[in-house]
Amino acid sequence: MSRSAAVESDQLYAILRRRGVLWPTADVYGGAQGLVDYGPAGAALKRHLEEAWAAWFLGVSPDFHRIDPAEILPEAVVRASGHLENFTDPEVVCDHCHAHFRAETVLEKARPEGVDGLSPAQIGELLTQQSARCPSCGSKELAIPRPFNLMFGFDFGATGRERAYLRPETAQSSYLAFARMWDVGRRRLPLGIATIGRAYRNEIAPRQVLFRMRAFTQAELQVFFDPEHFRPPFPTVADELLPVLRVDRRRAGAEAPDPTPARALVADGLPEFYVYFLVHVHRFLRDVLRYPADAIRFFEKSDAERAFYNRIQFDAEVRVESLGGFKELGALHYRGDYDLSRHSAGSGRDLGVTLGDGRHLVPHVLEITFGVDRNVWALADAGLSIADGRTVWRLPPYLAPTPVAVLPLIAEEHGRVADAWRAALGAAGIPAVSDDRGSIGRRYARMDEVGTPWCVTVDSETVAEADPARATATMRERDSRAQERVTLDTLLDRVRRGVVPPRPAAVELSG
RNA sequence: GCGGGCAUAGUGUAGUCUGGUUAUCACAUAGGCUUGCCAAGCCUAUAACCCGGGUUCAAAUCCCGGUGCCCGCACCA
């Protein structure tokens with residue numbers, strides 16, 4: 001997919017708004033920062049993207065299951081997960097260099113026991129008493145800290161005494177579901193728990209429309225496994241080239257990925273299971289979402305960059321021209337047994353399992369996470385081209401908001417037969433649209449812009465054929481603009497096959 | 001959150017500096033005529049000064065506040 005000129009972010013957003021893909025929430029009131037609404041085309045695209053993701057990743061193993069958990073978490077959960085603690089650490093802001101610090105970092109020497117339980121005013125007093133200096137620039141111009149929590153918290157229940165939070169990530173829901181799913185999944189490892197849903201963060205500065213939002217949709221797969229025995233069929237993917245950018249090459253200033261065989265990554269120390277899933281994520285981006293192969297890279301995070309509980313982390317990045325470079329669209333986190341251990345401690349319930357050989361184990365977790373909204377933008381960025389006054393959105397048929405449009409060449413003369421074709425598509429479960437307004441070229445153009453892969457034009461030849469089974473209409477393909485006369489049966493067959501998203505060959509994963 | 005820039009029909013814009021007729025143009029949308037397989041043409045119509053306050057005889061225009069957007073920094077457990 002190439003484009004004559006990069007589409008600007010504003011220009012892309014204008015097209016998306018105009019075509020009813022998405023717009024700011026409450027925009028008649030001036031908008032609400034960090035929130036967007038999806039219109040008909042966007043909602044369909046997003047839904048198709050989610051289904052394609054589920055088909056692909058649930059297709060990796062029959063032991064991967066999708067759940068749909070609640071979006072509200074009781075306080076005890078976010079306390080155990082560490083979100084409450086980490087988010088409520090008071091902040092100190094340096095007025096001189098604008099650096100932000102945790103209050104306890106600045107007051108380390110003066111108050112080694114930490115600042116828990118102190119009010120912002122008390123911390124402010126301490127800063128003055130101790131003549132605290134900015135750890136970054138040494139200035140004494142430290143602003144009075146103000147508590148800030150990235151979670152949306154609220155009173156829960158009629159008494160108002162309980163607190164609850166909108167989940168800041170969907171992963172927690174899957175960890176909480178593990179104990180139930182262990183039984184539902186017939187007590188086998190690996191066990192995959194997938195969920196697609198919204199997560200909420202009260203971001204300080206939402207930016208770039210779908211990239212830093214206050215309510216966003218994540219598609220996540222948590223794979224629970226036994227680190228000693230998890231053996232995916234690695235040889236089947238060993239030769240696949242992965243566009244990785246490893247920490248050592250990053251330190252040397254490299255930005256371009258280095259295509260590396262999967263087996264070389266394993267020889268270099270990465271676990272087979274991790275690389276196996278890296279391959280599946282790569283295939284999903286390249287073959288299912290069809291990002292240009294040279295626009296994908298796996299960006300390894302260093303010890304300092306990743307959260308302490310992540311043992312290995314590669315961000316799945318795609319070059320998004322409208323936003324000026326590579327953007328994180330997903331990631332693979334090897335989280336060890338951190339999450340289940342935390343929730344064991346927090347809930348008082350042992351979330352470890354006893355395996356067939358009698359061993360007791362807290363399963364490890366490989367988290368595969370995708371930002372659904374970000375991918376909607378990236379698909380628009382990668383697929384939309386504006387050239388010679390023609391705007392085309394090259395989306396795979398199974399992602400396109402509308403797979404097919406039925407167009408009567410002349411509304412009055414061909415409308416009835418066109419309606420019949422559209423009804424036949426509808427009866428086959430394919431949501432076809434029709435359009436009889438304006439010239440045929442204009443209608444093709446409208447469909448190109450929203451990514452409809454096929455247009456079917458009913459003409460006098462179609463109408464003249466007495467036997468409906470033998471009647472043909474023009475089937476026009478979006479990208480090539482090639483036309484071909486097809487019968488209704490042929491059309492149904494092609495469209496039906498086209499709208500099914502690819503899935504990997506299912507394999508039994510052991511361990 | 002800090003600094004800078006910006007906000008006019010569905011979309012992109014002219015007008016703002018220097019306050020003053022019915023707010024410009026294009027595309028899009030809707031109707032009519034015409035055409036009939038890749039955004040044709042002509043006619044017509046719908047449609048906007050982000051919100052609130054102030055200055056003034058008079059505010060899209062000047063001032064203040066709010067909201068939103070863009071860029072940089074910071075943040076993104």
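Residues numbered from 1 in each chain as written. Chains lettered and ligands numbered in written order. Predicted model: local features only at pLDDT ≥ 70, side-chain atom pairs only at ≥ 80, totals over all residues. Heavy atoms only, no water.

**Student:** Before we move on, could you go through the overall build of chain A and cite the residues and values that matter?
**Tutor:** When helices and strands are tallied, chain A shows 16 helices and 26 strands. For chain A, the proportion of its 511 residues judged to be buried stands at 52%. Put simply, 67% of the contacts in chain A that link residues at least 6 apart link residues at least 24 apart. Carbon together with sulfur atoms contributes 49% to the accessible area of chain A, which is approximately 23600 Å² in total. (Helix = DSSP H or I, 4+ residues; strand = E, 2+ residues; numbered from the N terminus. Buried < 20%, exposed > 50% of the residue type's maximum accessible area, 1.4 Å probe, protein only. Contact = heavy atoms within 4.5 Å. Areas by Shrake-Rupley, 256 points an atom, 1.4 Å probe, with all protein chains shown as cover.)

**Student:** I'd like to hear about the protein's contact with RNA strand B, residue by residue, with values.
**Tutor:** Among the 40 residues in the neighbourhood of RNA strand B, the closest are listed as Gln33, His83, Ser439, Arg446 and Asp459. The contact atoms of RNA strand B, taken as those within 4 Å of the protein, divide so that sugar and phosphate hold 47%. In this structure, Arg212 approaches RNA strand B through a side-chain N or O atom, which is 3.1 Å from a base nitrogen. In this structure, a base nitrogen belonging to RNA strand B sits 2.9 Å away from a side-chain N or O atom of Arg476. Breaking the surface near RNA strand B down by element, the ones donating at least two residues are α1 (9-18), α4 (83-88), α14 (440-449) and β25 (472-477). Element by element, the count of residues in the surface near RNA strand B is highest for α14, at 7 residues. A per-class count over the surface near RNA strand B returns 11 nonpolar, 16 polar and 13 charged. (Near = heavy atom within 4 Å. Polar contact = N/O pair within 3.5 Å; in protein donor to acceptor, adjacent residues only side chain to side chain. Nonpolar A, V, L, I, M, F, W, Y, C, P; charged D, E, K, R; others polar.)

**Student:** Requested: an account of the pattern of salt bridges, with residues and values cited.
**Tutor:** Following the criterion strictly, the structure yields 34 salt bridges and no others. Its salt-bridge partner being Glu484, residue Arg494 comes within 3.0 Å of it at the nearest N-O pair. One end of the pair, Arg494, is in helix α16 (residues 488-498); the other, Glu484, is in strand β26 (residues 483-487), with 10 residues separating them in the sequence. Arg494 sits in the partly exposed class, given a relative accessible area of 29%. Glu484 gets classed as partly exposed once you look at its relative accessible area, which sits at 39%. (Salt bridge = Lys/Arg side-chain N within 4 Å of Asp/Glu carboxyl O.)

**Student:** Can you break down the pairing of strand β10 (residues 191-200) residue by residue, with the values?
**Tutor:** Counting buried positions along β10 gives 9 out of 10 residues, so the element sits mostly inside the fold. Bridge count for strand β3 (residues 64-67) against β10 is 4 bridges, and the pairing is parallel. Within the sheet, the bridge partner assigned to Ile67 lies in β10 and is Thr195. Here β10 pairs with strand β11 (residues 215-225) via 10 bridges, running antiparallel. Paired with Ile196 across the strands is Ala219, a residue of β11. (Pairing = 2+ DSSP bridges.)

**Student:** Describe the nonpolar core, and please don't skip the residues or the numbers.
**Tutor:** In this structure, Trp53, Phe277, Tyr291 and Phe298 are the most contacted members of the largest nonpolar core, which totals 81 residues. With 11 residues, the single largest contributor to this core is helix α10 (residues 272-288). In this structure Trp53 touches Leu58, Ala194, Ile196, Ala219, Glu220, Leu221, Phe284, Ile368 and Phe370, once residues within four positions along its chain are discounted. (Core = buried A, V, L, I, M, F, W, Y, C linked by side-chain atoms within 4.5 Å.)

**Student:** Give me the sheet that holds β10: which residues, what numbers.
**Tutor:** On the basis of which strands lie adjacent, the open sheet formed by 9 strands has the order β3-β10-β11-β19-β16-β15-β14-β12-β13 and mixed pairing. Looking at which strands have only one partner, the edges of the open sheet turn out to be β3 and β13 (258-261). On average, each strand axis in the sheet is inclined to that of its neighbour by 30°, with strand direction left out of account. Judged from the 6 bridges that link them, strand β16 (residues 325-336) and strand β19 (residues 364-371) form a sheet pairing that is antiparallel. In the sheet register, Gly330 faces β19, and the bridge partner there is Phe370. In the packing of α10 onto the sheet, contacts are made with β3, β11, β12 (241-245), β14 (296-300), β15 (312-320), β16 and β19, and the angle to β19 comes to roughly 15°. (Axes fitted to C-alpha atoms, helices over the stretch in contact; angles between N-to-C directions.)

**Student:** Outline the sheet that holds strand β9 (residues 162-166), supporting the account with residue identities and numerical values.
**Tutor:** If you walk across this open sheet you meet the 3 strands as β4-β9-β8, and the pairing is antiparallel. A strand with exactly one partner marks an edge of an open sheet, and here the two such strands are β4 (72-74) and β8 (153-156). For this sheet the average axis-to-axis angle between neighbouring strands, irrespective of direction, equals 40°. The sheet contact formed by β4 and β9 spans 3 bridges and is antiparallel. Bridge pairing in β9 links Ile72 to Leu166.

**Student:** Break down helix α13 (residues 411-427) for me, citing the residues and quoting the values.
**Tutor:** In this model α13 runs 22 Å from its N-terminal to its C-terminal C-alpha over 17 residues, within 8% of the 24 Å that 1.5 Å per residue would give. At Val417, α13 shows its largest kink, close to 30°. Of the positions making up α13, those classed as buried are His414, Gly415, Ala418, Trp421 and Leu425. On its buried face, α13 is in contact with β22 (404-408), β24 (454-458), α15 (460-464), β25, β26 and α16. A positive phi of about 85° marks Gly429, the residue just after α13. (Expected span 1.5 Å × (residues − 1). Bend = angle between axes of the 7 residues up to and from the residue.)

**Student:** Provide a residue-level description of the packing of aromatic side chains, including the pertinent values.
**Tutor:** Evaluation of the coordinates by the stated rule reveals 20 aromatic pairs. Every member of this aromatic cluster is reached through a ring pair, and the members are Phe64, Phe225, Phe230, Phe273, Tyr276, Phe277 and Tyr334. In this arrangement the basic side chain of Arg17 is found over the ring face of Tyr13, its NZ or CZ atom lying 4.5 Å from the centre. Sitting above the plane of the Tyr444 ring, Arg476 keeps its charged end 4.5 Å from the centroid. (Phe/Tyr/Trp six-rings, centres within 6.5 Å; stacked < 30°, edge-to-face > 60°. Lys NZ or Arg CZ within 6 Å of the ring centre and 35° of its normal.)

**Student:** Just give me the short version of the side chain of Gln313, but keep the residues and values in it.
**Tutor:** Among the structural elements, Gln313 can be located in strand β15. Overall, Gln313 belongs to the buried group, its relative accessible area being 8%. In this structure the side chain of Gln313 is engaged in a polar contact, spanning 3.4 Å, whose partner is the side chain of Asn310. A polar atom in the side chain of Gln313 sits 2.9 Å from the side chain of Asp315. Not counting residues up to four positions away in its chain, the partners in contact with Gln313 are Tyr274, Phe299, Glu300, Lys301, Arg306, Ala307, Leu332 and His333.

**Student:** Would you mind going over the confidence of the model for chain A in detail, with residue names and values included?
**Tutor:** Summing up the model confidence of chain A, the mean pLDDT is 87 and the portion of residues at 70 or higher is 87%. Counting interchain partners and residues more than four positions distant, the pLDDT-below-50 stretch residues 1-5 has 13 contacts. (pLDDT = per-residue confidence, 0-100.)

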